Number of protein chains: 2
Amino acid sequence: MKKLNRILAFDVGGTKIAHAIVSREGKIITPVEKAMTPPTAAATEALFRQVIAQYEREIDAVAFSTAGAVDNQNKKIIGGGGNMPIGYMDIDFPALSDKPVFLENDANCAVWAEYKVGNAKGFENIVMLTLGTGVGLGIIVDGVLLKGKSGAAGETHFRVRHGNHRRCACGNYDCMEIYTSGKALNIEAKEVYQDDKVTSYDVIEGMKKGDKRAVHTFENWQNYVADAAVTFADIFDPDIILLGGSMAQFIDYGKVEKEANQKIVVSPFILRQARFENNAGIIGAALRCVWAAEGRQRS
Amino acid sequence: MKKLNRILAFDVGGTKIAHAIVSREGKIITPVEKAMTPPTAAATEALFRQVIAQYEREIDAVAFSTAGAVDNQNKKIIGGGGNMPIGYMDIDFPALSDKPVFLENDANCAVWAEYKVGNAKGFENIVMLTLGTGVGLGIIVDGVLLKGKSGAAGETHFRVRHGNHRRCACGNYDCMEIYTSGKALNIEAKEVYQDDKVTSYDVIEGMKKGDKRAVHTFENWQNYVADAAVTFADIFDPDIILLGGSMAQFIDYGKVEKEANQKIVVSPFILRQARFENNAGIIGAALRCVWAAEGRQRS
């Protein structure tokens, strides 16, 4: 097996595509460059090809952290990625380069980065929730990334509330995602303020100023995040649950950790903010690409 | 490592304690004998000692399938087991015999039995729900039993409904268990019939006769079971979800499998009744005991 030393890693989301060269140890060794996600799959593929052509002589592999579920061979997108351009999931990723091309779901890359070099280092049972526009779920069980039979494991589109209150992007009602995402805080704000123009931004700004209604709104949302922590703690008995993504910085970690640990029936877990905010995808994709190239060993 | 050929296996629940000798292939080779669970831990321990003394010369090991969470060394009970006599979890199981003594949670034994010799044979990603008085959860990920950091993984005491409607045995409100267990069908019946004397037995009898109210009550309950299947499918992307325990026989498998598969965002799963109704614990404890004695290999 060839040892990979320099990996060109992409992080592909519905809004932005970032890339950088990452070392086999997970160090970002060139500035992270960002571009807007093109509106078509063809333009997205062209962007990939252009960046790869630029670096191809100095890299050993190409790794993608991407929205959507990725198969167990890490070659293709098998579902999800609803925010991506139509046709995106049909891109032939392995054909983009003569070097090995590796693909993994972004939430899986994020938890792998935290496990190998971030705030979950030293632990073997880890759950990570990435609280952005949607919610990403990445899980490590005894040092093994949970992928499931097809590679799609780690979805939060299951019911956390009885009745049909909030329609989720997946088409179902009252999924965990529509109560714990950034979008969920937006909805919570409109419900509490009874004002369609209020957004999560107003809640965060109001909370900083100590505004009671803002604090109340945020706490409603944070309670759903705490319920999610209880859910994954009781199912996985993890050492640690990490929260990442744009909303993670606002969480009261001490409070949520304490309250959730009082409710679980397994042994106590640590709740912590993830280390790598914007670069978790790039770092995790590169590290997981190294893992795949070197024999896909169970730890 | 000594090869285990004959394992004395116990299945210890809050109501009954069963035992039999099981072969290394998972065949029950003596009649399954049952006794009422004694009211004290001391009497329970005495029962274990008496049975073990009776068989000790003809067995290679003793295996227990038990209520409660069991540590990763399979030597002691670390939590749960609320229906057991006080002091039960402090019994020194390894001291009960000169032969190797092995302990595992009953829901974990059940899924291991189904994985090795039952209705999940041939699959590597399996979720099994045992729907009895409570709900047991056993999970196999890529052929590995999910235990978590302490051994307690696989609990269903997390919120599936907003607000505080039903108090669960664990002390929290609105856990999955209090909506999907046999006890939950009892509660559902009292709610629908507005009659405190109605039980799940009346619902099942009424359903057999086509009574509309009984059918409606059962379907309410079954919908929660379907939601649970969606939850575990989206988290684990399993090949198969098995339902076991006393309530599993009444489920409409075709309907629930179809409806749940329409809601999930991962790839389709199979829903099936478990094979071993009352003997899953005994068979699984023996087979898992063999696995432990022979090196605890990941498959």
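Residues numbered from 1 in each chain as written. Chains lettered and ligands numbered in written order. Predicted model: local features only at pLDDT ≥ 70, side-chain atom pairs only at ≥ 80, totals over all residues. Heavy atoms only, no water.

**Notes on the relation of the copies chain A and chain B**
Overlaying chain A on chain B yields an RMSD of 0.0 Å, the required transformation being a rotation through 180 degrees with an accompanying axial translation of 0.0 Å. What we have between these two chains is a two-fold relation. Of the interface residues in chain A, 100% have counterparts in chain B that sit at the interface too, so the contact is made through matching surfaces. (Least-squares fit on C-alpha atoms with pLDDT ≥ 70 in both. Contact = heavy atoms within 4.5 Å.)

**Some points on the sheet that holds strand S10 (residues 144-145) of chain A**
All names here are of chain A. The strand order S10-S9-S8-S11-S12 describes an open sheet built from five strands, whose pairing is mixed. Edge positions in the open sheet fall to S10 and strand S12 (270-273), since each of these has one partner strand only. Pairing of strand S11 (residues 240-244) with S12 involves four bridges; the strand directions are parallel. Each bridged residue has a counterpart across the sheet, and for Ile240 the counterpart in S12 is Ile270. The strands touched by helix H2 (residues 106-117) are strand S8 (126-131), strand S9 (135-141), S10 and S11; relative to S9, the strand with the most contacts, the crossing angle is about 50 degrees. (Pairing = 2+ DSSP bridges. Helix = DSSP H or I, 4+ residues; strand = E, 2+ residues; numbered from the N terminus. Axes fitted to C-alpha atoms, helices over the stretch in contact; angles between N-to-C directions.)

**Considering helix H5 (residues 200-208) of chain A**
All names here are of chain A. Every buried residue of H5 is listed here: Ser200, Val203, Ile204 and Gly206. End-on, the buried residues of H5 take up no more than an arc of 165 degrees, which puts them together on one face. Along H5, the residues that are exposed and aim more than 90 degrees away from the buried face are Tyr201 and Lys208. Where the residues of H5 are buried, they touch helix H4 (182-193) and helix H6 (212-236). (Buried < 20%, exposed > 50% of the residue type's maximum accessible area, 1.4 Å probe, protein only. Arc of directions from axis to C-beta.)

**Let's talk about the interface of chain A and chain B**
Taken residue by residue, the interface counts 42 residues in chain A and 42 residues in chain B. Surface buried jointly by chain A and chain B totals about 3500 Å² across both partners, of which 54% is contributed by carbon and sulfur atoms. A per-residue breakdown of the area chain A buries against chain B is headed by A:Lys149, A:Ile235 and A:Arg298, which together make up 21% of the total. For the pair chain A and chain B, the number of links is four salt bridges. (Buried area = accessible area lost by both parts, 1.4 Å probe. Salt bridge = Lys/Arg side-chain N within 4 Å of Asp/Glu carboxyl O.)

**Some thoughts on the sheet that holds strand S8 (residues 126-131) of chain B**
Residues and elements named next belong to chain B. Strand order across the open sheet formed by five strands is S10-S9-S8-S11-S12, with mixed pairing between neighbours. Strands at the two margins of the open sheet, each flanked by one partner only, are strand S10 (144-145) and strand S12 (270-273). Of the strand pairs in this sheet, strand S9 (residues 135-141) and S10 are connected by two bridges, and their pairing is antiparallel. Note on S10: the bridge partner recorded for Ile140 is Leu145. Its contacts with the sheet place helix H2 (residues 106-117) against S8, S9, S10 and strand S11 (240-244), and it is angled at close to 50 degrees to S9. Lying over the sheet, helix H6 (residues 212-236) contacts S8, S9 and S11, oriented at roughly 155 degrees with respect to S8.

**Let's talk about unusual backbone geometry**
All names here are of chain B. Positive phi, close to 60 degrees, is recorded for Asn74, a residue that is not glycine. In the Ramachandran plot, Gln194 falls in the positive-phi region, its phi being about 55 degrees despite a non-glycine side chain. Within the secondary structure layout, Gln194 lies in the loop between helix H4 (182-193) and helix H5 (200-208).

**A short note on the environment of B:Asp234**
Note on placement: B:Asp234 falls in helix H6. For the pair B:Asp234 and B:Pro268, spaced 34 residues apart in the sequence, the C-alpha separation amounts to 10.0 Å. The contact partners of B:Asp234, leaving out residues within four places of it in the chain, are A:Ala153, A:Gly154, A:Glu155, A:His157, A:Phe158, B:Ile264, B:Val265 and B:Val266.

**Here's the deal with the confidence of the model for chain A**
Of all residues in chain A, 99% attain a pLDDT of 70 or more, and the chain-wide mean is 96. Taken over the whole predicted complex, pTM reads 0.96, whereas the ipTM for its chain interfaces reads 0.96. (pLDDT = per-residue confidence, 0-100.)

**Quick word on the state of the cysteines**
Taken as a whole, this structure holds zero disulfides over all chains when the rule is applied. Its sulfur unpaired, A:Cys109 is 9.8 Å from the next cysteine sulfur, which belongs to A:Cys289. (Disulfide = S-S within 2.5 Å.)

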